[in-house]
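Breakdown of the fold
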Amino acid sequence: MPVGSDFQLRFQVTWESGDYYMYYDNVSALQIADSPPNCDAVLTSPVNGATSVPLENTVLAWSGATGIPTSYNLTIATTSGGNDVLDNVNVGNTTSYDLGNLNYETNYYVTIVPENNFGEATDCTIYSFTTEIDPSVTVICSEGSVNHSICYDSNEQVEYVYTSDDNSNLNLVINSGSVYDFGPNLSILDTNGDVLYFGVGDAGNLSGLEFQSTGESITLIYNAEYASCGATYDAIDVTVSCSSCLNPAANFSVVEDCINGPQFKVDVDITTLGSANEVLIEDNQGNSQLVDGTGIYTFGPYQNGTLVDFIVTNNEDSTCDFVSDSFTQEICTANYLDCGDPVNTIACYEPGETIEYFYESLDGSNLTLSINSGDIDPYGEPFQVIDTNGDVLYSGNGELGDLSDLTFQSSGDSITFLYTSVYYNCDGIVTSQLDITVECASCYNPTLDYEIINDCSDGTNQFTVEVEVLDLGSSNSITITDNQNSTAQTVNELGLITFGPYPNETGVVFTSVNDDDSSCTISSQSLSPEPCPPSNNSCANATQVNVNLDQFCSSMTSGDISTATGSTIPVSCDEDVVQDVWYKFTAQSSAHIITLFNGVYTFNLAHAIYEGECDNLTKLYCSKEFSNGGNSDGIVANNLTIGETYYIRVYSPYGSTGEFDLCINTPNYEQGNTTCEDAAPFCASFDSQGNPVPLVFANGYYYMQESVAQESADYSCLSTRPNPAWYYLQVGETGDMEFEISQNTAFDGDGNLIGEELDVDYIVYGPFDQADGNCQDLTEDNTIDCSYSLDAVEQMSIENAQAGKTYLVLITNYNQSPGYISLVQTNYGTADGSSTDCTIVDRTLYGCEGEQITLTSQFENQISYVWYQLNESTGNYDLIPQQEVSGTTYTVDEEGDFRIVSYDSTGTPTEEEFKVQFSPYPIINLGDDQSLCDANSSTLDATPTNAN
């Protein structure tokens, strides 16, 4: 059977009668051949046809043959069919053989013949491989040069050592070849191991590189990590020859000669003549010098932009030379003016490059530098102009990066400009080259000083500029204009003149012209003031904010803290306040949620609530108290007094820019529903057309410390249960119930999520027969649904909910921030859909017109009671005079919304709401009188005629 066959061995015993025992121990099965093995062993290492096989410790490996071989015979030769290395040697029952060390650049032929007791296999394949090229190459000087074409595979290192047979120095020339231009680098090593070259040529092109050894050998090494020669990269073609002389050597440096014009020179430093007595130095511009010693020899001048290269040749043997790179000077960075002609400079730059240009007059004249055109990064490093004495004449970015028309004059005989580009080059896409003219001044510029005068009063947000003339320069009068088309002003004496007013966002540039010589013209930097702070930058100017009387953010107030400063009123949540803006509101409930919505680019904002007067404020709450280790978007302000004014401070402890929205709404917190025993009712409501309407209610939240659900229940998937809120629902109709639960810091008037998403988790228990007395039955068997995911929107299901049954729902707030939960039934009206009974949450009291309804607080033992009625015209709750109420009760005979706030002995308020609705008495018309004498029955219609 071949190796890998599906072989099974079965022992079968047939019982006939009586007791019996079977024992198996040390069972083995041996396959026995009945013919010679097959000749199907395959050479696996080296594979057939392999090249560049290493010489040392070469191990042959092959796959096992089929046909149950017991050993293998190897024949290895350097010719096909030969046997000069091994002649049918039996190597035993193994599939590898160590050949030891082999010879360079040799073809080896391998025959693997399996055998067993029935004989050898026949018709076996002959495999072959070739060993690596000998890296040690001897150059026989009498026979001429050696030419080598070196190809490489990826991840292969090639190394060749060339040695002369008579100890001559060697010249190595790369005729052609290419490598990956981002490395690794090609290395050329001298006889003593010094690195003659380490690089990738000209962007990977190695052609034309020449080297000479100082001794009898030279080495080439290349480790091809990423590429191989072939379609993309060419083999490296090398010629190595014995040298009849030693090359000269030289260093080259460009020397600026700008004092004599836009030109440069090149210093050629001959460091060795090699084996020559004289060497000839030639450039490609037709210049040459024959020298007989080391030292510096100067060539030039050359016009800027000229490409100059050199060759230094042994004057007795031209085969020994030294070839330089190309050199040039694009521009003069040091410029000297003879005051006859101006100097024009076109300055360009690359990312990360600093350019610096120096100008000096040869006769001591002052210099005028004018920027004709040019753009720089408007938000990057500034363009700078430096005076003769080192003072900064200008440091800025022009008009949003445009430097055009800026002019400066030195106080002495020199002026310098410099610029560092961080991200851009001068390609004209974002920024552009600088066109600058420098000329000797024929006059002296005036000296001006500028002071910005802010005017932020009454929201005008404007400014003026006071221009102080400190020196008229060499003129008797100057004319000053701005770039806003203001009336020009001519000045013939020292003093102050005023320009403006200008809108705050305006960038104003002033230009002063010498009336006697217009070449003496100066311009100011762009002047603009610090922005005016917002009008509500102080408590005294706090902006009034509308209060939403329900749990939605139908009305919001927008704000901007970008230009605000910080007031000195302390806040215990942060050590420092860098910026703040102030708002105020009139409490319409004993509890409100104040939520802050950061803009897209607004960070580091917090807010706090104060009571009292602006000169004597007391902090009540701050947003960091409502987050376990962070900063909450919302503050729950409890224990407020209806009708009192409170202050909101939106602030940043670090500094912030951007806009925000502020919302104040009125949560309807269920008293005590943080425990199962005090679970609050809820339902999934619908509008008059039967469309689902989200029920939005306040969540449980963190304040100063974390609250957790009691431990007496089986919470299934809820690993943690922070900030619990317990609710119950009652089933209206039998069927399946599917809900979407969302938790968010705020909802708009249409029930849409508009704030920060809050992770919502829940568990459902049931069914129960009644709403009370179920908290000891929260077991695994009573668990209906549970989720502990990271989502802020969850899908809750109750299958086959029975009419009249009650289900308990625990909703937790893992995020811990104050906010709201939205519940909406998503399968209402479907074939199998159930519904909830919303009568359990209807707090409306109904009566007939002309009757009275007495409103009664459910909290009988409070210390005091305060009643309020909603004023529909103002949207505020008005205090009901104490003489009209009777403690826990208030009797009404008109419709409306009423609110009672009661206080316990500690002063803690509890709030209740009532909605009263009156309907007219029904009017019933039974029709004309009817006699029953002639009939057995009569139908009377008692439908009220005034029903709606």
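Just so it is clear, the structure is predicted and the values come from calculations on it, not from any experiment.

Of the regular secondary structure elements, the protein holds 0 helices and 69 strands. Relative to its length of 948 residues, the protein is extended, with a C-alpha radius of gyration of 49 Å against a globular reference of 30 Å. Counting only C-alpha atoms and orienting by the principal axes, one finds that the protein spans roughly 150 × 140 × 60 Å. Looking at the protein residue by residue over its 948 residues, the buried ones come to 43%. For the protein, the proportion of contacts with a sequence separation of at least 24, taken over those separated by at least 6, is 70%. If you sum the accessible surface of the protein, you get close to 47,900 Å²; carbon and sulfur atoms cover 44% of it. A gap of 24 Å separates the mean positions of the 11 positive and 139 negative side-chain charges of the protein.

Under the UniProt annotation, "domain: Fibronectin type-III" (unreviewed entry) lies at residues 43–134. Along residues 43–134 the backbone is 0% helical and 51% strand, and the end-to-end C-alpha distance reaches 25 Å.

The biggest cluster of nonpolar side chains holds 31 residues, and the ones touching the most others in it are Y583, F585, I594, I648, V650 and F660. Contributions of two or more residues to this core are made by β44 (579–586), β45 (592–598), β48 (634–637), β49 (645–652), β50 (659–665) and β54 (695–698). With 29 residues, the next largest nonpolar core counts V137, V158, Y162 and F211 among its residues.

Moving on: the packing of aromatic side chains. Going through the model one piece at a time under the given rule, you end up with 35 aromatic pairs. Here the aromatic rings of F626 and Y703 are separated by 4.6 Å at their centres, their planes lie at 35°, and the arrangement is tilted. Residue F626 is found in the loop between β47 (616–622) and β48, and its partner Y703 is found in the loop between β54 and β55 (725–733); the two are separated by 77 residues along the sequence. On the basis of relative accessible area, Y703 is assigned to the partly exposed category, the value being 31%. With 5.9 Å between their ring centres and 25° between their planes, W867 and F914 make a pair best called stacked. Within this pair, whereas W867 is found in strand β65 (residues 864–871), its partner F914 is found in strand β69 (residues 909–919), the two being separated by 47 residues in sequence. Each member of the pair, W867 together with F914, is buried. Ring-pair connections join several aromatic residues into one group, and the members of that group are F252, F299, F310, F322 and F327.

This part covers the pairing of strand β17 (residues 217–224). A regular strand places its side chains on the two faces of the sheet in alternate fashion. Within β17, 7 of the 8 residues are buried, leaving the element largely enclosed by the surrounding structure. One ladder, built from 8 bridges, connects strand β12 (residues 156–164) with β17; its direction is antiparallel. Considered in β17, the bridge of E159 is made with I221. The pairing of strand β14 (residues 186–189) with β17 spans 3 bridges and is classified as antiparallel. If you follow I188 over to β17, its bridge partner there is L220.

Scanning the entire structure with this criterion turns up 7 salt bridges. With its nearest N and O atoms 3.1 Å apart, the salt bridge here joins E911 to R899. Taken as a pair, E911 in strand β69 and R899 in strand β68 (residues 896–903) lie far apart in primary sequence, 12 residues in all. Side by side, E911 and R899 carry an identical accessibility label, which is buried. Through salt bridges that share partners, R899, E911 and E913 make up one connected network.

Cut-off values and rules
- Residues numbered from 1 in each chain as written.
- Predicted model: local features only at pLDDT ≥ 70, side-chain atom pairs only at ≥ 80, totals over all residues.
- Heavy atoms only, no water.
- Helix = DSSP H or I, 4+ residues; strand = E, 2+ residues; numbered from the N terminus.
- Rg over C-alpha atoms; globule rule 2.2 N^0.38 Å.
- Buried < 20%, exposed > 50% of the residue type's maximum accessible area, 1.4 Å probe, protein only.
- Contact = heavy atoms within 4.5 Å.
- Areas by Shrake-Rupley, 256 points an atom, 1.4 Å probe, with all protein chains shown as cover.
- Lys, Arg positive; Asp, Glu negative; His and termini not counted.
- Charge placed at Lys NZ, Arg CZ, Asp CG, Glu CD.
- UniProt positions renumbered as here; feature names shortened; annotations may be inferred.
- Core = buried A, V, L, I, M, F, W, Y, C linked by side-chain atoms within 4.5 Å.
- Phe/Tyr/Trp six-rings, centres within 6.5 Å; stacked < 30°, edge-to-face > 60°.
- Pairing = 2+ DSSP bridges.
- Salt bridge = Lys/Arg side-chain N within 4 Å of Asp/Glu carboxyl O.

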